[in-house]
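So you can see what is in the structure, the chains are spelled out below.
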Amino acid sequence: MRLTCPFCGSRGVEEFTYRGDATVRRPAAEAGDAAWVDYVYLRDNPAGLHQELWYHGVGCRSWLVVTRDTRTHLVSDVRAARAVAQAEHQAEHKEGAA
Amino acid sequence: MLQAFVSEGIKPFIDGVVTFGAGHFYISQSDKGGLVFGGDIDGYNSYAQRGNLPVIEDVCEGGMALMPRIGRVRLLRHWGGIMDMSMDGSPIIDHTPVQGLYLNAGWCYGGFKATPASGLCFAHLLARDEPHPVATAYRLDRFARGAVIDEKGMGAQPNLH
């Protein structure tokens, strides 16, 4: 399996470290126990498209959000985690303004 | 995904199972003379049912660190299988919220080796509807109760175990 890092290009997967589901978000401090258990311990494990965090430790040291099919290892999208977070933040801001 | 390997048949020289904890490698020899060995998992979610080269290299490096004399033995075949990784690296033997449905899962890659003990504990649970004294901690709700069994002290991430 190879990942195409947006900064370094196509690299072997041994350059990267896996960190799991990229869609989980930290709940508010006052959210109940159930929300925190879900955040810390419970993960979906889809057979199909999975958005996940990878760290390019041997390359540019960027965190990446990779969309991969867990049945075929076909990678359909790689984006910088920073860009994903910024886009999310902007979307939230827009929603708040509206 | 966990991979296991079988080499060509050679004369007997390993008469037990050798485990190398520092590098994560285990090896035994079959009656036909083939070396049967394995090591680490991929570390990422996978249903692909096939192995990959970086892990083969990693396992073989572990083997060479432990047992350099096997370096010239040729690989015959290898196998890749899905592993049921739990968040804390320990299994779950418990009731479920569904009446009559019991769970014996999350064995990570220790399932085969633990089968005699896990079978006994699971049978005890099924027959008496109460956990075997050895397995009382392997509860499904241990995560929500903050009672995780993190034997290696690695944290609550399946790829760390």
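Residues numbered from 1 in each chain as written. Chains lettered and ligands numbered in written order. Predicted model: local features only at pLDDT ≥ 70, side-chain atom pairs only at ≥ 80, totals over all residues. Heavy atoms only, no water.

1. Regarding the interface of chain B and chain A
Counting residues at the interface gives 15 residues for chain B and 20 residues for chain A. Where chain B abuts chain A, roughly 1600 Å² becomes buried across the two surfaces, and 56% of that area is made up of carbon and sulfur atoms. Broken down residue by residue, the surface that chain B buries against chain A is led by Tyr44, Asn45 and Tyr47 of chain B, which jointly contribute 41%. Counting across the interface, chain B meets chain A through zero salt bridges. Across the contact surface, chain B and chain A share seven residue pairs in polar contact (both at pLDDT 80 or more). Of the residues that constitute the side of chain B that touches chain A, the class distribution is nine nonpolar, five polar and one charged. (Contact = heavy atoms within 4.5 Å. Buried area = accessible area lost by both parts, 1.4 Å probe. Salt bridge = Lys/Arg side-chain N within 4 Å of Asp/Glu carboxyl O. Polar contact = N/O pair within 3.5 Å; in protein donor to acceptor, adjacent residues only side chain to side chain. Nonpolar A, V, L, I, M, F, W, Y, C, P; charged D, E, K, R; others polar.)

2. Some thoughts on the domain arrangement of chain B
One can read the domain layout of chain B as domain 1 (2-81) and domain 2 (92-160). Centre-to-centre separation of domain 1 of chain B and domain 2 of chain B, based on C-alpha positions: 27 Å. (Domains from an automatic or database assignment.)

3. Concerning the sheet that holds strand E5 (residues 75-81) of chain B
All names here are of chain B. Read from one edge of the open sheet, five strands run E2-E3-E4-E1-E5, paired in antiparallel fashion. Only two strands of the sheet have a single neighbouring strand rather than two, namely strand E2 (18-20) and E5. Sheet twist, expressed as the mean angle between neighbouring strand axes with direction ignored, is 15°. Note: strand E1 (residues 2-9) against E5, six bridges, orientation antiparallel. Within E5, the position partnered with Val6 by the bridge is Arg77. In the packing of helix H1 (residues 53-66) onto the sheet, contacts are made with E1, E2, strand E3 (25-29), strand E4 (34-41) and E5, and the angle to E4 comes to roughly 120°. (Pairing = 2+ DSSP bridges. Helix = DSSP H or I, 4+ residues; strand = E, 2+ residues; numbered from the N terminus. Axes fitted to C-alpha atoms, helices over the stretch in contact; angles between N-to-C directions.)

4. With respect to the pattern of salt bridges
Here the structure, examined in full by the defined rule, presents nine salt bridges over all chains. Here Arg25 of chain A ties to Glu88 of chain A by a salt bridge, and the two come within 2.6 Å at their closest N and O atoms. Taken as a pair, Arg25 of chain A in the loop between strand E3 (17-21) and helix H1 (33-41) and Glu88 of chain A in helix H2 (residues 81-97) lie far apart in primary sequence, 63 residues in all. Taking the relative accessible area as the measure of exposure, Arg25 of chain A reaches 43% and is therefore partly exposed. With a shortest N-O distance of 3.0 Å, Arg71 of chain A and Asp69 of chain A are connected by a salt bridge. By relative accessible area, which is 11% here, Asp69 of chain A ends up buried. Each of Arg139, Asp141 and Arg145 of chain B takes part in a single network of salt bridges with overlapping partners. (Buried < 20%, exposed > 50% of the residue type's maximum accessible area, 1.4 Å probe, protein only.)

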